[in-house]
Amino acid sequence: MTAPTQEGGPAQTRRIRSFVRREGRMTAAQRRALATLWPRYGLEPRGVLDLDAAFGRRARRTLEIGFGNGEALLTLARTALEEDFLGIEVHRPGVGHLLLGLEREGLGNVRVICDDAVEVLSRHLPAASLDRILIWFPDPWPKKRHHKRRLVQPPFVRELLRVLRPGGLLHLATDWPDYAEHMVAVLEAEPGLINLEGPGRFAPRPPWRPRTRFEARGERLGHPVLDLLYRRREGA
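Residues numbered from 1 in each chain as written. Predicted model: local features only at pLDDT ≥ 70, side-chain atom pairs only at ≥ 80, totals over all residues. Heavy atoms only, no water.

**Remarks on the UniProt feature "binding site: S-adenosyl-L-methionine" (unreviewed entry) in the protein chain**
UniProt marks Glu 64, Glu 89, Asp 116 and Asp 139 with the feature "binding site: S-adenosyl-L-methionine" (unreviewed entry), using the numbering shown here. The named residues occupy 76 residues along the chain; their greatest pairwise C-alpha distance, 14.3 Å, places them in one compact cluster. Secondary-structure assignment places Glu 89 in the loop between β2 (84-88) and α6 (92-105). In this structure the side chain of Glu 89 is engaged in a polar contact, spanning 2.7 Å, whose partner is the backbone nitrogen of Gly 68. Structurally, the position occupied by Asp 139 is in the loop between β4 (130-136) and α8 (154-163). (UniProt positions renumbered as here; feature names shortened; annotations may be inferred. Helix = DSSP H or I, 4+ residues; strand = E, 2+ residues; numbered from the N terminus. Polar contact = N/O pair within 3.5 Å; in protein donor to acceptor, adjacent residues only side chain to side chain.)

Written as structure tokens, this is what we have:
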């Protein structure tokens, strides 16, 4: 496999995307990681992924969408070696940072995709293949004219529901109250999901959720941190 490239395919450029590729400065170590560690940890989907083959086993599986620099994903993988973790992130410096952490800690239960999560979910993940999906502190796109770029939209939630097994957990978190209310409205409109705290209610931060650097930044700015926990209905 080759290291992930900066540009997406034609289908991505035609659709309104929930992200802008802000590559920033990539360190020499991150470049090395992308060149040398990608074949070990990276996945480049061609058709529907065989996750058992990708991980070399069948285990409980968690997907984190938009893992940033990967610190939370590393923490989760380190503390649950019996489980598998799949991370999707479009920003290559963050991918490189995660790869370095995986190498440093010798973790073998993480695989990484550097691509648009919308494309990956709709084209490359099998139905009911995930036990848990995490979307922590996605880009809030705070300006009203940019709200259409927000990741959490009805079509995307339907794809989340498709790849989440019945009884599986969907966990979102944000420090933007306006986006949190938007999330609630979209998720509560999906009959296949159950809010574990009751309709329209936010959840306490689960003790197993690591604090992220985005969360810490929001707290320094005085933003409230809001969690949402949903399960896919059995039979949905």
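**Observations regarding the packing of helix α2 (residues 28-36) against α6**
Where α2 meets α6, the closest approach of the two axes is 8 Å, and the angle between their N-to-C directions is 75°. Looking at the two axes, α2 sits roughly perpendicular to α6. Taking contact as the criterion, the partners of Ala 29, Gln 30, Arg 32, Ala 33 and Leu 34 in α2 are, on α6, Arg 92, Pro 93, Val 95, Gly 96, His 97, Leu 99, Leu 100 and Glu 103. Looking at side-chain class alone, the contact of α2 with α6 contains seven nonpolar, three polar and three charged residues. (Axes fitted to C-alpha atoms, helices over the stretch in contact; angles between N-to-C directions. Parallel < 35°, antiparallel > 145°, perpendicular 65-115°, else oblique. Contact = heavy atoms within 4.5 Å. Nonpolar A, V, L, I, M, F, W, Y, C, P; charged D, E, K, R; others polar.)

**Quick look at the nonpolar core**
Counting 35 residues, the largest nonpolar core has Leu 63, Ile 65, Leu 121, Leu 125, Ile 133, Ile 135 and Leu 170 as the members making the most contacts within it. Ignoring anything within four residues of it in the chain, the contact list for Leu 170 reads Ile 133, Ile 135, Leu 160, Leu 164, Leu 187, Leu 193, Leu 228, Leu 229 and Tyr 230. Met 26, Leu 98, Val 112 and Ala 173 belong to the second-largest nonpolar core, a separate cluster that totals 27 residues. (Core = buried A, V, L, I, M, F, W, Y, C linked by side-chain atoms within 4.5 Å. Buried < 20%, exposed > 50% of the residue type's maximum accessible area, 1.4 Å probe, protein only.)

**With respect to the UniProt feature "binding site: substrate" (unreviewed entry) in the protein chain**
As recorded in UniProt, the feature "binding site: substrate" (unreviewed entry) lies at Lys 143, Asp 175, Thr 212, Arg 213, Phe 214 and Glu 215. Every residue in contact with Asp 175, bar those within four places of it in the chain, is listed here: Phe 137, Phe 214, Gly 218, His 223, Pro 224 and Val 225. Within the structure, the side chain of Asp 175 is placed 3.0 Å from the side chain of His 223, a separation counted as a polar contact. Checked against the element boundaries, Glu 215 lands in helix α10 (residues 213-220). Look past the residues within four positions of Glu 215 in its chain and what remains in contact with it is Phe 137, Arg 205, Arg 209, Pro 210 and Val 225. Only 2.7 Å separates the side chain of Glu 215 from the side chain of Arg 209, close enough to count as a polar contact.

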